[in-house]
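Chain by chain, the residues run as shown.
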Amino acid sequence: MAKTSKAEAVPNARAFAFRDEMRATLLDALSHGSTYRAACGAAGIPWSTWMGWSRDVRNGACDDPDVEALVIAARKAFEAANVALATSIHVATADDWKAAAWLLQHRQGDPKARHDEKRARYEAEVAKNRAAGTHVENVRNVSDLTDDEIRAEAKRLLGVDLDDDKPRTAH
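Rules used throughout
Residues numbered from 1 in each chain as written. Predicted model: local features only at pLDDT ≥ 70, side-chain atom pairs only at ≥ 80, totals over all residues. Heavy atoms only, no water. Helix = DSSP H or I, 4+ residues; strand = E, 2+ residues; numbered from the N terminus. Buried < 20%, exposed > 50% of the residue type's maximum accessible area, 1.4 Å probe, protein only. Contact = heavy atoms within 4.5 Å. Axes fitted to C-alpha atoms, helices over the stretch in contact; angles between N-to-C directions. Parallel < 35°, antiparallel > 145°, perpendicular 65-115°, else oblique. Nonpolar A, V, L, I, M, F, W, Y, C, P; charged D, E, K, R; others polar. Patch = residues over 30% accessible without salt bridge, like charges linked within 9 Å, V, L, I, M, F, W, Y side chains within 5 Å. Areas by Shrake-Rupley, 256 points an atom, 1.4 Å probe, with all protein chains shown as cover. Salt bridge = Lys/Arg side-chain N within 4 Å of Asp/Glu carboxyl O. pLDDT = per-residue confidence, 0-100.

Topic: the overall build of the chain
Next up, step 1: Per the secondary structure count, the chain includes 7 helices and 2 strands.
Next up, step 2: Sequence-ordered secondary structure for the chain, helices as α and strands as β, is β-β-α-α-α-α-α-α-α.
Next up, step 3: The buried share of the chain, reckoned over its 171 residues, is 21%.
Next up, step 4: Taking contacts inside the chain between residues at least 6 apart in sequence as the whole, the part at least 24 apart equals 37%.

Take a look at the structure:
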């Protein structure tokens, strides 16, 4: 029986028909260690549709029992595959310390990938600020500045007169 996704949830989205044969392909791919995106591709399910279905199930807004059952079964298959892969690597650690090191590094994702992503975001922000003319290229060490220079810079940044005798409060 073909089920259609909610196209009105995403503007300009086309309805997508879910067929029962997609279930077996998706679950088989996930149980063999595929990512959700790769498994959806193998099953012929658009990634945006899968994300919408997952969101609806997570939020309790899914009105299609077949789709809800598929998402729940996919989660179980994915987790079971992760446990099986971790067990396989754990067994390999008896013969090779590199397997243990790999498992430790990838427990919470690839640390280099997280670092690269953070650096890319930083570099994009710098490029955006340079284009806007708001990026400061040189940074001076505050210990190299005199008290008068620090006071003048604070006055400039805050837009206040720091030489008055009014009590100051931290806000």
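A few points about the packing of helix H3 (residues 47–59) against helix H4 (residues 65–92)
Next up, step 1: Running from amino to carboxyl end, H3 crosses H4 at an angle of 95°, the nearest separation of the two axes being 10 Å. Judged by the angle between their axes, H3 and H4 are roughly perpendicular. Where H3 abuts H4, its residues Trp50, Trp53, Ser54, Val57 and Arg58 lie against Val67, Glu68, Leu70, Val71, Ile72, Ala74 and Arg75.
Next up, step 2: In the contact of H3 with H4, the residues fall into 8 nonpolar, 1 polar and 3 charged.

Quick look at a nonpolar patch on the surface
Next up, step 1: A grouping of Leu157, Leu158 and Val160 is seen on the molecular surface, where their side chains present a nonpolar patch of about 300 Å² in accessible area.
Next up, step 2: Locating Leu158 in the fold gives a position in helix H7 (residues 147–158).
Next up, step 3: Accessibility expressed as a relative area gives 60% for Leu158, which makes it exposed.

Thoughts on the environment of Arg37
Next up, step 1: Mapped onto the elements of the fold, Arg37 is located in helix H2 (residues 36–43).
Next up, step 2: You can call Arg37 exposed: its relative accessible area is 53%.
Next up, step 3: Between the alpha carbons of Arg37 and Met51 there is a distance of 9.5 Å; along the sequence they are 14 residues apart.

Overview of the confidence of the model for the chain
Predicted coordinates in areas of low pLDDT are best not read in detail.
Next up, step 1: Residues of the chain with pLDDT of at least 70 account for 79%, and the chain-wide mean is 80.
Next up, step 2: A low-confidence stretch, residues 1–13 (pLDDT under 50), is modelled with 23 contacts involving residues beyond four sequence positions or located in other chains.

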